[in-house]
Amino acid sequence: MTPDQFIAKWQASTLKERSAAQEHFIDLCRLLNEPTPAEIDPNGEFYCFERGAKKTTGSDGWADVWKRNCFGWEYKGKRKNLNDAFVQLHRYAPALGNPPLLIVSDMEQIIIHTAFNGTVPDKYSLALEDLRNPDNLRLLKWAFTEPERLRPKLTTAVLTEKAARQFGELAQTLCERGHDTQQVAHFCQQILFCFFADDIGLLPNKLFGKLLEIGQQRLEHLPPTLTNLFNTMATGGFFGNDPVDWFNGGLFDAASPLPLTRNDVKLLRELAQLNWSAIEPSIFGTLFERGLDPNQREQLGAHYTDPASIMRLVNPVVLDPLREEWRLQQAAITKLVDKIAARKSKVNKAISTASTAKLTTKLVEDIREIREKARDAETAAQRQIAKRCRDFLMRLQNFRVLDPACGSGNFLLLALRGLKDLEHEVILDAERLGLPASFPKVGPENVLGIELNIYAAELARVTVWIGEIQWMLNHGFSLAKNPILKTINIIDQRDAVVNADGSEPNWPTADVIVGNPPFLGGSKKRSVLGDDYFTALETIYAGRIPAGADLVTYWFEKARTQIELEKANAAGLVSTNSIRGGANRQVLERICKTTTIFNAWSDEPWINSGAAVRVSLICFGNTKLKPVLNNAEVAAIYADLTAGSIEAGSDITTAKPLIENANACCMGASKKGAFDIAGNLARQWLTLPNPNGKSNAIVLRPLCNGIDLTRRDRDVWIIDFGIDISENDAAFYEMPFTYLTEKVKPIRENNNRESYRRYWWRHAEARPGMRSALKYLYRYIATPTMAKYRNFSWLNVTVLPDQQLIAISRADDTTFGILHSRFHELWSLRMGTSLGPTPRYTPTTTFETFPFPIGLTPANTGGAIETLESGAIIPTVAAEYRDHAIAIAEAAFQLNQLRENWLNPPEWIERQPEIVADYPDRIIPKPEFSAQLKQRTLTNLYNKKPAWLVNAHVKLDQAVAAAYSWENDAAELNEAEILQRLLALNLARKKEN
DNA sequence: GATCCGACAGTGT
DNA sequence: ACACTGTCGGATC
């Protein structure tokens, strides 16, 4: 068929839709040289007429023509409203597998709507005459073969970003002009909603766009005109000659348009050109992050969560369980359908048997009875099917999702969309079963929010409503009007964890709780939130949440309580990843006691306006779903968000501090002030006399912090007046004292703590305990609190450990070796907390819980030491453990020696005695090697991991394994097995109380 | 100029 | 008196 023939035939045709549609389509196939459905898919599996025509209503199928992954195609009679056809296609798109193209035709024109996910829809209208143009024919052909070619370039994300950027500029301009940020926010939302309403036809005749056009000419009229429009929208009525719907929802209640400049209006008119109907409402959040004042930006920013992360919570908490429920219903329904079919075949069989038999009255009667019974059974079954569908739809309609920290409403928006999608699927499934089509009832009522920030709360309302309207229009449903925005109070503007009067707030009953509550570290709570708020938190949550816990944990505890009180079924919340350890973990432990963590992502990167926070996503509550951790099914999820078996004694979070490890490990001195000075300044002072005749060496010593150990020694010294020198005595050390008077005193005098203010010349936490523990040693073991690798080093006892070092008061190589073994490394990584990706070593959780090999625990190694022939030093231990002590010490000694030689090759350095006799030698690089020496850091060494280092560690690990008596089953010693064995040892030993 | 990697000081127990 | 905690800035590639 040629284009001319096609056009001629269909211009002349007066056939009505039903009779002509298929003929038109087949002609079109001939024109495009495409196969017809019957030619390539006689069974109608992927390409057919009347898809979904199984419906009992007797009317159309879901589409007149359907080609999988290409299009749904709907015909209407000539000059009938094509929009109706489009609406129908939209509605059934999910049942058609969401084809990328929705095509409607009245045989005179063909309109192709693109419907690719996440793109701004395009529309192509082709009249009959247009088919003479080969370009248009090619376009149609693509619809059949390569629909991807019609994919719009513009994605909703790009459109949204563009709109948000420009809109943000406007907001910023308005703020800079001195307008109140809240007014700016409110005004911007009104405008935003008007753009949206204009584009989807909620405002008649593109009213708002026209108004801006006029406004550009007559600027002074714009504010009163806008006021007028907003007021009309608030109540419904007429704006000039145009009828305006009643919008309500609070958005237009307080009309207070801000004065706009000519430039603003120009910008607005540019913005009006964008396709706002395809806007992604979640821009509302990002929109107001920009332009508004920094404090607000921070608060709103804290609530911005990207959609993928949101769905990681919404799916397991909201949608998966409901899908599972519906799957079970469907299974039950299938059984009923089978039953009906079985009855029918029984009847048929009876009839066919009867037809061969002799017809008697009794037989007639029997058949009648069988038929009736079958009919009754069918009716009953149908009724049951209908009831199951109805009940489930009712369940969806009554389902409530609460976001108690809803910010700009993104969680609620996505939860609502998910629920609406599910409801729609169920409605279509029900139609397929022969039930009448029902109107979707899930809507903004299904989501509830609590939000303190007044802009965010308003933002959330608008976000949810736009989401609702978009969904309805995109699925071919008309909007419920009068008002368009119902004033149902879905967002509660208040504090979610503390009431104004200091009491505990109630949360509304809901099926599930989701959200991204604000993060604020325990020690920052008081200063950021204020004393009153802090006290209120402390009072309300006494015994439930330790005061040192992150602010985020209050939402977890509240949600847990709601579940315990049966006011919610499950919760899915975002948290900082530090919830896995320290004081924060107690909250998860509590959750594990009363309910179950059934889905979690333990440590995910998070982009949040530049903050380098890492997060955990945690779902807990009543569920039938199997536990899933980091997208893998596991037997159980523990409070530290690790996987484990459900057997008792396998949860490593149950490990407790051991009595034998007490008093051997402590934090270094916490100076809190600029007590540190350059080495050369210290050396200069050491040459100066003091009026009391004492050397400055008494109060000056080298300082060592994490950087000194993991990188190169910075040669920093410290002014250290110890734990009991009085201010008067300190003053005799002239230079150091004067220095502190200038650099430290002014700051320390303003400290929050009385003792820090009073003893300003001493380190704030001078660590008397540590000092006495180290007193009789000549060296001690140190490890950086925060470091990429868990390394231990020897320090001369004259060196003061900074608070960033953990000091272990042992001088023997055996203890050094055990600590440096793989066993302790794994234990400390697992038991310790982390800051971002960097693990942190803490005395109580990593050291005190660690089960040393029997006979070699800190309780056994605190006594005398003995130097071996090699130079290695062992502790004096019971005879039966001596061999192990020696083996470990030799391996550790060698490891340390190799490492020292690599860090400071004798060929590259000079050792120079320090100016004070007992102090460690200075290491001076030979000038020609100083650049190379700079690279010789412990972190670099372990980044490289040369073979000799690995070998030395293997040897050490073997010696330590032997001390544990694990040398014979080395093959079984994978990470999990080691941790299990260590945990078993810990649990078997005596705990501290 | 991006990436790596620990700091410092506040505050709870 | 002891210890834990957060996320920005300096060093380095």
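The structure under discussion appears in the preceding block.
Each value, and the rule that gives it
Residues numbered from 1 in each chain as written. Chains lettered and ligands numbered in written order. Predicted model: local features only at pLDDT ≥ 70, side-chain atom pairs only at ≥ 80, totals over all residues. Heavy atoms only, no water. Helix = DSSP H or I, 4+ residues; strand = E, 2+ residues; numbered from the N terminus. Buried < 20%, exposed > 50% of the residue type's maximum accessible area, 1.4 Å probe, protein only. Contact = heavy atoms within 4.5 Å. Areas by Shrake-Rupley, 256 points an atom, 1.4 Å probe, with all protein chains shown as cover. Lys, Arg positive; Asp, Glu negative; His and termini not counted. Charge placed at Lys NZ, Arg CZ, Asp CG, Glu CD. Pairing = 2+ DSSP bridges. Axes fitted to C-alpha atoms, helices over the stretch in contact; angles between N-to-C directions. Patch = residues over 30% accessible without salt bridge, like charges linked within 9 Å, V, L, I, M, F, W, Y side chains within 5 Å. Salt bridge = Lys/Arg side-chain N within 4 Å of Asp/Glu carboxyl O. Near = heavy atom within 4 Å. Polar contact = N/O pair within 3.5 Å; in protein donor to acceptor, adjacent residues only side chain to side chain. Nonpolar A, V, L, I, M, F, W, Y, C, P; charged D, E, K, R; others polar. Core = buried A, V, L, I, M, F, W, Y, C linked by side-chain atoms within 4.5 Å. Domains from an automatic or database assignment. Parallel < 35°, antiparallel > 145°, perpendicular 65-115°, else oblique. Left-handed = near helix turned anticlockwise from the far one by under 90°.

Caption draft 1: Quick look at the overall build of chain A. Within chain A, the regular secondary structure consists of 36 helices and 33 strands. Along the longest, intermediate and shortest principal axes, the C-alpha atoms of chain A span 120 × 90 × 60 Å. Here chain A holds 993 residues, and the buried ones make up 52% of them. Expressed as a percentage of contacts within chain A between residues at least 6 apart in sequence, the contacts between residues at least 24 apart total 69%. Of the roughly 44,700 Å² that chain A leaves accessible, carbon and sulfur atoms contribute 51%. When the 115 basic and 117 acidic side-chain charges of chain A are each reduced to a single mean position, those positions are 3 Å apart.

Caption draft 2: Geometry of the sheet that holds strand β14 (residues 597–605). The sheet built from nine strands is open, its strands ordered β11-β10-β9-β12-β13-β15-β14-β16-β17 with mixed pairing. At either margin of the open sheet sits one strand with a lone partner, and together these are β11 (491–493) and β17 (632–633). Examined bridge by bridge, strand β9 (residues 401–403) and strand β12 (residues 512–515) share two bridges and lie parallel to one another. When the bridges of β12 are listed, L402 appears paired with I513. Helix α15 (residues 410–432) contacts β9, β10 (447–451), β11, β12 and β13 (570–576) of the sheet and is inclined by roughly 170 degrees relative to β9.

Caption draft 3: Focus on a positive patch on the surface. Where like charges cluster on the molecular surface, the positive patch consists of K339, R343, K346 and K373. Residue contributions to the positive patch peak at three residues, all from helix α13 (residues 307–356). Relative to the assigned elements, K373 resides in helix α14 (residues 361–398).

Caption draft 4: The arrangement of the protein's contact with DNA strand C in detail. Around DNA strand C sit 25 residues, and of these S578, G582, G836, P843 and T844 come closest. A breakdown of the atoms of DNA strand C within 4 Å of the protein gives sugar and phosphate a share of 52%. The backbone of G769 places a nitrogen or oxygen atom 2.8 Å from a phosphate oxygen of DNA strand C. Take T833: an N or O atom from its side chain is 3.3 Å from a phosphate oxygen of DNA strand C. Elements supplying a minimum of two residues to the surface near DNA strand C: α20 (582–594), β20 (665–667), α27 (768–774) and α30 (843–847). Looking at side-chain class alone, the surface near DNA strand C contains eight nonpolar, 12 polar and five charged residues.

Caption draft 5: Broad picture of the nonpolar core. Core analysis: the largest hydrophobic core is formed by 56 residues, its most contacted members being F193 and F247. It is helix α7 (residues 181–200) that provides the largest number of residues to this core, a total of 10 residues. Inspection of this core shows a minimum of three residues originating in each of domain 2 (156–279) and domain 3 (307–474). Dropping the residues within four chain positions of it, F193 is found in contact with F247, L251, F252, V462, I466, I469 and L485. Within the second largest apolar cluster, 48 residues are counted, among which are L393, L416, L422 and V426.

Caption draft 6: Examining the environment of A773 more closely. The topology assignment puts A773 in helix α27. It is 7.8 Å that separates the C-alpha atoms of A773 and N663, two residues lying 110 residues apart in sequence.

Caption draft 7: Region of interest: the packing of α7 against helix α8 (residues 207–217). The interhelical angle for the contact between α7 and α8, taken along N-to-C directions, is 120 degrees, at an axis separation of 7 Å. When the axis of α7 is compared with that of α8, the two are oblique. In this structure, α7 uses I191, C194, F195 and D198 to contact α8, whose residues at the interface are L207, F208, G209 and L212. Class assignment of the residues belonging to the contact of α7 with α8 gives a composition of six nonpolar, one polar and one charged.

Caption draft 8: Just the protein's contact with DNA strand B, in detail. In the neighbourhood of DNA strand B, 28 residues make up the surrounding shell, with S523, N752, R753, K788 and Q804 lying closest. Near the protein, meaning within 4 Å, the atoms of DNA strand B are sugar or phosphate in a fraction of 56%, with bases accounting for the rest. Between a phosphate oxygen of DNA strand B and a main-chain N or O atom of G673, the distance comes to 3.5 Å. A distance of 2.8 Å is found between a phosphate oxygen of DNA strand B and a backbone nitrogen or oxygen belonging to I707. Broken down by secondary-structure element, the contributors of at least two residues to the surface near DNA strand B are α17 (525–529), α22 (706–710) and α34 (938–944). Here the surface near DNA strand B gets three residues from one element, more than from any other, and that element is α22.

Caption draft 9: The sheet that holds β20, seen in detail. What the four strands build is an open sheet, ordered β20-β27-β24-β25; its pairing is antiparallel. The sheet is open, and its two edges are formed by β20 and β25 (793–796), each paired on a single side. Ignoring strand direction, the axes of neighbouring strands in this sheet form an average angle of 35 degrees. Here strand β24 (residues 779–784) pairs with strand β27 (residues 805–808) via four bridges, running antiparallel. When the bridges of β27 are listed, T783 appears paired with I806. Packed on one face of the sheet, helix α28 (residues 813–820) meets β24, β25 and β27 and runs near 10 degrees to β24.

Caption draft 10: Quick peek at the environment of A892. By the element assignment, A892 lies in helix α32 (residues 879–903). Setting aside chain neighbours within four positions, we find A892 in contact with D813, F816, G817 and L956.

Caption draft 11: Fine view of the pattern of salt bridges. Counted according to the given criterion, the structure contains 44 salt bridges. Note that R30 and E39 form a salt bridge whose closest N and O atoms lie 3.2 Å from each other. Across the pair E325 and R395 runs a salt bridge, and its minimum N-O distance is 2.7 Å. A residue pair is termed long-range when its members are at least 10 positions apart, and E325 in helix α13 and R395 in helix α14 qualify at 70 residues. With a relative accessible area of 26%, E325 lands in the partly exposed category. Under the relative-accessibility criterion, R395 is labelled partly exposed at 29%.

Caption draft 12: Structural view of α28. With eight of eight residues buried, α28 lies mostly within the body of the structure. Buried within α28 we find D813, T814, T815, F816, G817, I818, L819 and H820.

Caption draft 13: Representation of the packing of helix α6 (residues 156–176) against α7. Two elements in contact, α6 and α7, have axes separated by 10 Å at closest approach and are oriented at 145 degrees. At the point where α6 passes α7, the crossing takes the right-handed sense. Of the residues in α7, those touching α6 at F167, A171, L174 and C175 are T181, V184, F187, C188, I191, L192 and F195. For the contact of α6 with α7, the residue count by class is 10 nonpolar, one polar and no charged.

Caption draft 14: Broad picture of the pairing of β12. Of the two faces of β12, both are covered, the one formed by V512 and V514 as well as the one formed by I513 and G515. Pairing analysis gives four bridges linking β12 to β13, with the strands arranged parallel. Counted as the bridge partner of I513 is A571 from β13.

Structural measurements only, silent on function.
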